[in-house]
Amino acid sequence: MTDSRTLYATLLGITEPWGVELVEMKQAAGEVHVTVALPTSTRWVCPECHAAAPIHDHQERTWRHLDTCQFKTFVHARVPRLDCPTHGIRQLRVAWADPGSRFTALFEALAIDWLKQASVSAVAKQMRLSWDEADGIMARAVQRGLARRKLEPPRYAGVDETSFQKRHEYVTVASDLERTRVLYVGDDRGQEALDAFWLSWTPEQRAQIEAVAMDMWDPYVRSTLAHLPDAASKIVFDKFHVAQHLGKAVDEVRRREHRVRMAEGDPILKGTKYDWLRSKKGRSWTEARAFTLLREIVTTVARAWSLREAAMELWELHSQGAADRNFAAWYHWARCSRLEPMRRVAQMIKRHWANIRTFFEHRITNAAAESINEKIQTVKRRARGFRSRERFRNAIYFHCGGLDLYPATLRAGS
Ligand SMILES: [Zn+2]
């Protein structure tokens, strides 16, 4: 028994003065129960001020620890509560778990590592936890991470909306484009959602933010104008969002044309949706040839596609002046295209051009925010949607917040 006690003291990372008192195997239940204790000769001190303090009472505590082979392993201890003359009644801190946790720090750390890779349900199943327990480990990790993080205002911020579960429920995600991490998750996608992000900084900090990439979305624009000094020159409606709007317009042209052709018994556009949403680059030789032929036949959609391609080339120009001139020509072309969706999107771009051309001053895009968004989508798919905004928010911070998630006990020990 001495050997198993030493073994468990090592496995648990238990150090003096704590020692393993008893190791019990419950074969039928598939469990190991380890009882740890302090020697009676311990000199008790308050965990806050380290002044000598008498024992007030004991609390029976149990922590789930890493499995021993397949055996669920539990640590038990009677943890003294001390009566400090200054701080009152304080529970003694144990070296293997964070205060209040029902898991050892090593167990939590392993759960956190798994949660980074798999859904809450998968981790719960794998680690033989209830769904709520696994979810709780994740929520506490985020709380710890948020409490620890030292925020500096980003030089470049990105703002985007993302939906969860039901199509029309949104959160607003603000991120640091240089460090590629989420700074803030707000409810819905209204002005208030973003106001709260701006107000989380002092006016001096806000002044340090040089530019913000976002979509042409009025509530975000209004919020930014209201809170960011010189916002009019700092808002950048970014390339990815403009591309998205153009892509939607091209797709609308394709769908209309497809309907007309199908009515005449011509299925040539069937299954071509994604051909029209891709640029010239990255196609194989055969694909490129087929697409060129398709464009020669379906000239309406080909015109829409060319307009999108030409618009995207604006971002490759070297100066604001050149962009202005090219945009004017492009706009004229789009207006004369006789393609209603393209005319509409061109008008939208023109209306917002003043804050699209700011790109040439700041040279930022939401590419980093897009990569965060892709990660969020992966997490969402893996979780098969989120039941609440709160859980969705936690998941975003957990996976994309760049937070220090691990229990404090581990950090102190390592
Ligand atoms: Zn004290």
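Our subject is the structure that appears above.
The paragraphs below set out a description of the structure included in this document. Values in this document were obtained by computation on a predicted structure and should not be read as measured data.

**So, the pattern of salt bridges**
Tallied over the entire structure, the rule returns 34 salt bridges. A salt bridge links D135 to R391; its shortest N-O distance comes to 3.0 Å. With D135 in helix α4 (residues 131-148) and R391 in helix α16 (residues 389-400), this pair connects stretches of sequence that are 256 residues apart. Across the pair D275 and R283 runs a salt bridge, and its minimum N-O distance is 3.9 Å. We classify R283 as buried; its relative accessible area is 13%. Overlapping salt bridges, with partners in common, bring together E169, D187, D188, R389, E390 and R393 in one network.

**Overview of the side chain of R148**
Relative to the assigned elements, R148 resides in helix α4. Only 2.9 Å separates the side chain of R148 from the backbone oxygen of D404, close enough to count as a polar contact.

**Topic: the sheet that holds strand β9 (residues 211-214)**
Sheet strands pair via backbone hydrogen bonds, and the direction of the pair is either parallel or antiparallel. If you walk across this open sheet you meet the five strands as β8-β7-β6-β9-β10, and the pairing is mixed. The two strands at the open ends of the sheet, each matched to only one other strand, are β8 (181-187) and β10 (235-237). Between one strand and the next, the sheet's axes are offset by a mean angle of 25°, whatever the strand orientation. Pairing geometry for strand β6 (residues 156-163) and β9, over three bridges, is parallel. What sits directly across from A157, in β9, is V212.

**Some words on α16**
With 12 residues, α16 ought to run about 16 Å at 1.5 Å a step, and its terminal C-alpha atoms sit 16 Å apart, in line with that. With 10 of its 12 residues buried, α16 lies for the most part within the structure. Taken together, the buried positions of α16 are R389, F392, R393, N394, A395, I396, Y397, F398, H399 and C400. Residues of α16 that are buried sit in contact with α2 (105-115), α4, β6, β7 (170-176), β8 and α15 (367-383).

**Quick word on the packing of aromatic side chains**
One pass over the full model with this rule turns up 13 aromatic pairs. Each ring, one from W18 and one from W96, has its centre 4.9 Å from the other, and the planes form 85°; the classification is edge-to-face. On the criterion of sequence distance, the pair formed by W18 in the loop between α1 (2-12) and β1 (19-26) and W96 in the loop between β5 (88-91) and α2 is long-range, its members being 78 residues apart. Per residue, the accessibility class of W18 equals that of W96, and both read buried. Members of the aromatic cluster, joined through ring pairs, are Y184, F197, W198 and W201. In this structure, R189 packs its charged tip against the face of Y170, placed 4.0 Å from the ring centre.

Calculation notes
Sequence order sets the numbering: in each chain, residues are counted from 1 along the sequence as written. In keeping with the predicted nature of the model, local features appear solely for residues at pLDDT of at least 70, side-chain atom pairs appear and are counted solely at 80 or more, and the whole-chain, interface and lining totals rest on all residues. Only hydrogens and water are set aside when side-chain values are computed; all heavy atoms of the structure are taken into account. Throughout this description, the term salt bridge denotes a Lys or Arg side-chain nitrogen within 4 Å of a carboxyl oxygen of Asp or Glu. Elements are defined by DSSP. Helices are runs of H or I of four residues or more, strands are runs of E of two residues or more, and each kind is numbered from the N terminus. For every residue, the accessible area obtained with a 1.4 Å probe (protein chains only) is divided by the maximum for its type, and the residue is called buried under 20%, exposed over 50%, and partly exposed between those limits. Think of a polar contact as two N or O atoms within 3.5 Å of one another; within protein, one of them needs to be a possible hydrogen donor and the other a possible acceptor, and neighboring residues in sequence only count if both atoms come from side chains. At least two bridges found by DSSP between two strands are what make those strands a pair. Angles run from 0 to 180 degrees between N-to-C directions of axes, and those axes are lines fitted to C-alpha atoms, restricted for helices to the stretch in contact. Multiplying 1.5 Å by the helix residue count minus one yields the expected span of that helix. In what follows, residue pairs with any heavy atoms lying within 4.5 Å of each other are defined as contacts. Only Phe, Tyr and Trp rings take part, Trp by its six-membered ring, and two of them pair if their centres are within 6.5 Å. Stacked means planes under 30 degrees apart, edge-to-face means over 60, and tilted covers everything else. Whether a charge lies above a ring is judged from NZ of Lys or CZ of Arg, which has to be within 6 Å of the ring centre and within 35 degrees of the ring normal.

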